[in-house]
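# Descriptive structure summary
Now for the letters of each chain:
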Amino acid sequence: MRPIYLIPLALFLFFAGLAGYQLTQEKMQTIPSQMVEQPLPEFTLAPALEGMPGATRADFVGGQPRLLNIWASWCLPCIAEAPHLERLKEEGVEIIGIAVRDRPEAVADFLDRYGNPYTKIGSDDISELMLEIGASGVPETYVIDADGNIRYQHIGDVRADTVPQLLEILEDVR
Amino acid sequence: MIRSVVAALTLFGGLFAAPILAQQSMPPAPYAYVQLEDPVLEAEATELMETLRCLKCQSQSINDSDAPMAGDMRHQVRSRILAGESPTQIRSWLVERYGDYVSYEPEVSSTTWPLFAIPLLLLGVVALILLRRLGKRRSETGGHS
């Protein structure tokens, strides 16, 4: 048999091996936003609860870099990240919250239980801002520089080891 | 006795209250489950929604998904179509934010070009082999006659 006839078999084995290898790899679960390094889009969101201001793009312009935290009272990982956001607040970071598909009573109840690290909370009832900034889930945290540009996206809850990472990025984009 | 019954009932009720609080109880976006009045525009929107990928349930189109986020995306598509935007504009608005990931319509880009190039390459190779073989056969038969 001429060796040329082995080429299809070799190709088949190569692709079967490739497919087998891909099956052992972890599935890509996160969809990174393409809006990183882009200006934060214009938006105005109503207050998510009584007694606290809502959020607009202008809140992110001037002064220090800030964090934009997308969360919800119905989101379990958001409970886990609450103490770490509190630590960021203690470090002097301004965190502006966006409550997704949430009710004012539920927001107030969540803040009573798990603390309130936010200076403002806007209410995003129909994922308007989420879609504008390329967020695909709750929670997500964005670093916004003082010129109102999105500089970093953290997908998932903020954990103990995310805190120093975020502080470093906030310092870098100053 | 009564006090302990009340306490038990409160505890029992509490067990149910907590998960209910944790539910997403917001009404869906206006155009999440409501069709556009104009059937032509609605058809245009549906056609687009069938080719946009749900971000929460990654193997469904937003037209097929009941995830709240897919509803919010349908609302965006329908209200933008109603406002006069073209399906192409809406698709690129989403691709700008989520990358090719959000679109089920394959497009040639820096990562997808091999998908389009490889079949053409293979067809070229097949054509080449065929031509050579046919050419050879023709010259062989030519030799006999």
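Our subject is the structure listed above.
Okay, so let's go over this structure. Just so you know, these numbers come straight off a predicted model, no measurement behind them.

### Regarding the pairing of strand 5 (residues 118-124) of chain A
Residues and elements named next belong to chain A. Among the seven residues of strand 5, six are classified as buried, and the element is accordingly described as predominantly covered. As defined by bridge partners, strand 4 (residues 95-100) adjoins strand 5 across six bridges and the pair is classed as parallel. Each residue of the ladder has a partner; that of I98, found in strand 5, is G122. Taking the sense of rotation as the criterion, the β-α-β connection linking strand 4, helix 3 (residues 104-114) and strand 5 turns out right-handed.

### Here's the deal with the sheet that holds strand 7 (residues 150-155) of chain A
Within a beta sheet, neighbouring strands are joined by backbone hydrogen bonds and run either parallel or antiparallel to one another. Residue and element names in this part refer to chain A. Strands sit in the order 5-4-3-6-7 across an open sheet of five strands; the sheet is mixed. Sheet topology places strand 5 and strand 7 at the edges, where each strand pairs with a single neighbour. In this sheet, adjacent strand axes meet at a mean angle of 20° when their direction is disregarded. Lying over the sheet, helix 2 (residues 76-90) contacts strand 3 (66-71), strand 4, strand 5 and strand 6 (140-144), oriented at roughly 165° with respect to strand 3. Contacts from helix 3 reach strand 3, strand 4 and strand 5, with the element oriented near 115° to strand 3.

### A word on the state of the cysteines
Residues and elements named next belong to chain A. For the structure on display, the rule yields one disulfide over all chains. One disulfide bridge connects C75 with C78, the sulfur atoms lying 2.1 Å from each other. Across the disulfide from C75 to C78, rotation about the S-S bond amounts to roughly 90°, and the bridge is consequently right-handed.

### What about the side chain of R57 of chain A?
Residues and elements named next belong to chain A. Inspection of the secondary structure puts R57 in the loop between strand 2 (55-56) and strand 3. An unpaired buried charge is present at R57: no salt bridge exists, and E42, the closest side chain of opposite charge, is 4.4 Å distant. Reaching out from R57, the side chain makes a polar contact with the backbone oxygen of L40 at a distance of 2.3 Å. Apart from residues no more than four positions distant in its own chain, R57 is found in contact with P39, L40, P41, E42, F43, D147 and G148.

### With respect to the interface of chain B and chain A
In this assembly, 28 residues from chain B lie in contact with 26 residues from chain A. Taking both partners together, chain B and chain A bury about 2,200 Å²; carbon and sulfur atoms supply 57% of that area. Notably, a salt bridge pairs E132 of chain A with R80 of chain B, separated by 3.9 Å at the nearest N-O pair. Run the count over chain B and chain A and you get six residue pairs in polar contact (both at pLDDT 80 or more). Contributions of two or more residues to the side of chain B that touches chain A are made by helix 1 (2-22), helix 3 (68-82) and helix 4 (87-98) of chain B. Looking at the side of chain B that touches chain A element by element, the count peaks at seven residues for helix 3 of chain B.

### Notes on the packing of aromatic side chains
Across all of its chains, the model carries five aromatic pairs over all chains by this definition. Between W71 of chain A and Y118 of chain A, the aromatic rings sit 5.2 Å apart at their centres with planes inclined by 10°, giving stacked as the arrangement. With a gap of 47 residues between them, W71 of chain A in strand 3 and Y118 of chain A in strand 5 connect regions that are remote in the sequence. Accessibility expressed as a relative area gives 0% for W71 of chain A, which makes it buried. A residue is classified by how much of its surface remains accessible, and Y118 of chain A, at 8% relative accessible area, is buried. One aromatic cluster is present, formed by W71, F110, Y114 and Y118 of chain A through successive ring pairs. Positioned above the aromatic ring of Y33 of chain B is the side chain of R74 of chain B, whose terminal nitrogen or guanidinium carbon lies 4.8 Å from the ring centre. Taking NZ or CZ as reference, R80 of chain B lies 3.6 Å from the ring centre of W93 of chain B, over its face.

Cut-off values and rules
- Residues numbered from 1 in each chain as written.
- Chains lettered and ligands numbered in written order.
- Predicted model: local features only at pLDDT ≥ 70, side-chain atom pairs only at ≥ 80, totals over all residues.
- Heavy atoms only, no water.
- Buried < 20%, exposed > 50% of the residue type's maximum accessible area, 1.4 Å probe, protein only.
- Helix = DSSP H or I, 4+ residues; strand = E, 2+ residues; numbered from the N terminus.
- Pairing = 2+ DSSP bridges.
- Right-handed = clockwise from strand over helix to strand, strands pointing away.
- Axes fitted to C-alpha atoms, helices over the stretch in contact; angles between N-to-C directions.
- Contact = heavy atoms within 4.5 Å.
- Disulfide = S-S within 2.5 Å.
- Lys, Arg positive; Asp, Glu negative; His and termini not counted.
- Salt bridge = Lys/Arg side-chain N within 4 Å of Asp/Glu carboxyl O.
- Polar contact = N/O pair within 3.5 Å; in protein donor to acceptor, adjacent residues only side chain to side chain.
- Buried area = accessible area lost by both parts, 1.4 Å probe.
- Phe/Tyr/Trp six-rings, centres within 6.5 Å; stacked < 30°, edge-to-face > 60°.
- Lys NZ or Arg CZ within 6 Å of the ring centre and 35° of its normal.

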